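A structural walkthrough
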Amino acid sequence: MKKIVVLTGAGISAESGINTFRDANGLWEGHDIMEVASPIGWNNNPELVLDFYNKRRRQLLTVNPNKGHISLVKLEEQYDVTIITQNVDDLHERAGSDKIVHLHGELLKVRSQFDENLILDWKKDLNLGDSCEHNSQLRPHIVWFGEMVPMMDSAITITENADILMIIGTSMQVYPAAGLLQYTKANIPVYFIDPNPAITPSKHLTILSEKATVGVPKVVDSLLK
Ligand code: APR
């Protein structure tokens, strides 16, 4: 089976009702990124950080996958599909995708600060005093700015083996995720789906300046023919 790798960003979840980060009323609206998504912000004001993620977690439980997430699942009929997402939502999981790599963590998980491998499923609010079995404060299982991206090495290996690459709904501004495009084999077809594509046209690159719910089904249908 040919391997398809799909790199997704906040744009694929936009039509599910989750704000992107860098559009007009972006998720950071009213917050400095470093205040709510960095170790410094966490040390300075943990309540603010917990409140920011509690609001996002509560909202995630009220939204659903959209046609963009759902049409990617259809690809699994004929291809070996791996989703590499920058998103911390679980919409790819709920749509039914089998193989998903979360580069920036998962909103519905928390982890111990004493043992970073102690990761718990967590759908309710996380508050100060919520501790792990080692009695250390639990934190969101999110990769904050300035932190390592533990899944990057596996994401690179997966991308190096791709026969087709799809990139959906990302401004390609945050590294190392945005650098994945450089790891593909030469001359494989790349499909870039974004209403405001942040990429320069090149050979083997098909750009669809469309929303995910329009562009993704189009590409999927063309790949399944
Ligand atoms: N369909 C597809 N793409 C869309 C849609 C849509 N309906 N609406 C907006 N977009 C596109 C925007 O044009 C933009 O290119 O989605 C992209 C969103 O870009 P960002 O907000 O920068 O989100 P992302 O690229 O995922 O950010 C990467 O930065 O803030 C950090 O960790 C955070 O994972 C995030 C990372």
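Summary of the structure given here. (Residues numbered from 1 in each chain as written. Predicted model: local features only at pLDDT ≥ 70, side-chain atom pairs only at ≥ 80, totals over all residues. Heavy atoms only, no water.)

1. Things to note about the packing of aromatic side chains
Overall, the coordinates contain three aromatic pairs when judged by the stated rule. Arranged with centres 5.6 Å apart and planes meeting at 40°, the rings of Trp-42 and Trp-144 form a pair that is tilted. Of this pair, Trp-42 sits in helix 3 (residues 39-44) while Trp-144 sits in the loop between strand 6 (138-142) and helix 7 (152-160), and the two are 102 residues apart along the sequence. On the accessibility criterion, Trp-42 (7% relative accessible area) is buried. What makes Trp-144 buried here is its relative accessible area of 2%. The ring of Trp-122 carries Lys-124 above its face, with NZ or CZ at 4.2 Å from the centroid. The cationic tip of Arg-139 hangs over the ring face of Trp-144; the distance from NZ or CZ to the ring centre is 3.9 Å. (Phe/Tyr/Trp six-rings, centres within 6.5 Å; stacked < 30°, edge-to-face > 60°. Helix = DSSP H or I, 4+ residues; strand = E, 2+ residues; numbered from the N terminus. Buried < 20%, exposed > 50% of the residue type's maximum accessible area, 1.4 Å probe, protein only. Lys NZ or Arg CZ within 6 Å of the ring centre and 35° of its normal.)

2. Describing the environment of Asn-161
Relative to the helices and strands, Asn-161 resides in the loop between helix 7 and strand 7 (164-168). The exposure class of Asn-161 is partly exposed, given its relative accessible area of 39%. Spatially, the C-alpha atom of Asn-161 lies 8.9 Å from that of Ile-4, the residues being 157 residues apart in sequence. Every residue in contact with Asn-161, bar those within four places of it in the chain, is listed here: Lys-3 and Lys-185. At a separation of 2.9 Å, a polar atom in the side chain of Asn-161 contacts the main-chain carbonyl oxygen of Thr-157. (Contact = heavy atoms within 4.5 Å. Polar contact = N/O pair within 3.5 Å; in protein donor to acceptor, adjacent residues only side chain to side chain.)

3. Some remarks on the site of the ligand
Residues in close proximity to the ligand total 22 residues, the closest being Phe-21, Arg-22, Thr-170, Ser-171 and Asp-194. Between an oxygen atom of the ligand and a side-chain N or O atom of His-104, the distance comes to 2.8 Å. In the model, a nitrogen atom of the ligand is placed 2.9 Å from a nitrogen or oxygen of the Ala-212 main chain. In the shell around the ligand, the residues fall into eight nonpolar, nine polar and five charged. (Near = heavy atom within 4 Å. Nonpolar A, V, L, I, M, F, W, Y, C, P; charged D, E, K, R; others polar.)

4. So, the sheet that holds strand 4 (residues 105-112)
If you trace the three strands from one edge of the open sheet to the other, you get 5-4-6, paired in antiparallel fashion. Of all strands in the sheet, those with a lone pairing partner are strand 5 (119-121) and strand 6, marking the two edges. Going across the sheet, the axis of each strand differs from the next one's by a mean of 45°, ignoring polarity. Of the strands in this sheet, strand 4 and strand 6 touch helix 4 (residues 46-60), which is tilted by about 135° from strand 4. (Pairing = 2+ DSSP bridges. Axes fitted to C-alpha atoms, helices over the stretch in contact; angles between N-to-C directions.)

5. Examining the pattern of salt bridges
Under the defined criterion, the tally for this structure stands at ten salt bridges. With a shortest N-O distance of 2.6 Å, Asp-80 and Lys-99 are connected by a salt bridge. A residue pair is termed long-range when its members are at least 10 positions apart, and Asp-80 in strand 2 (residues 80-85) and Lys-99 in the loop between helix 6 (91-95) and strand 3 (100-102) qualify at 19 residues. Across the pair Glu-106 and Lys-109 runs a salt bridge, and its minimum N-O distance is 3.2 Å. Accessibility expressed as a relative area gives 24% for Lys-109, which makes it partly exposed. Each of Lys-3, Asp-80 and Lys-99 takes part in one network of salt bridges that share partners. (Salt bridge = Lys/Arg side-chain N within 4 Å of Asp/Glu carboxyl O.)

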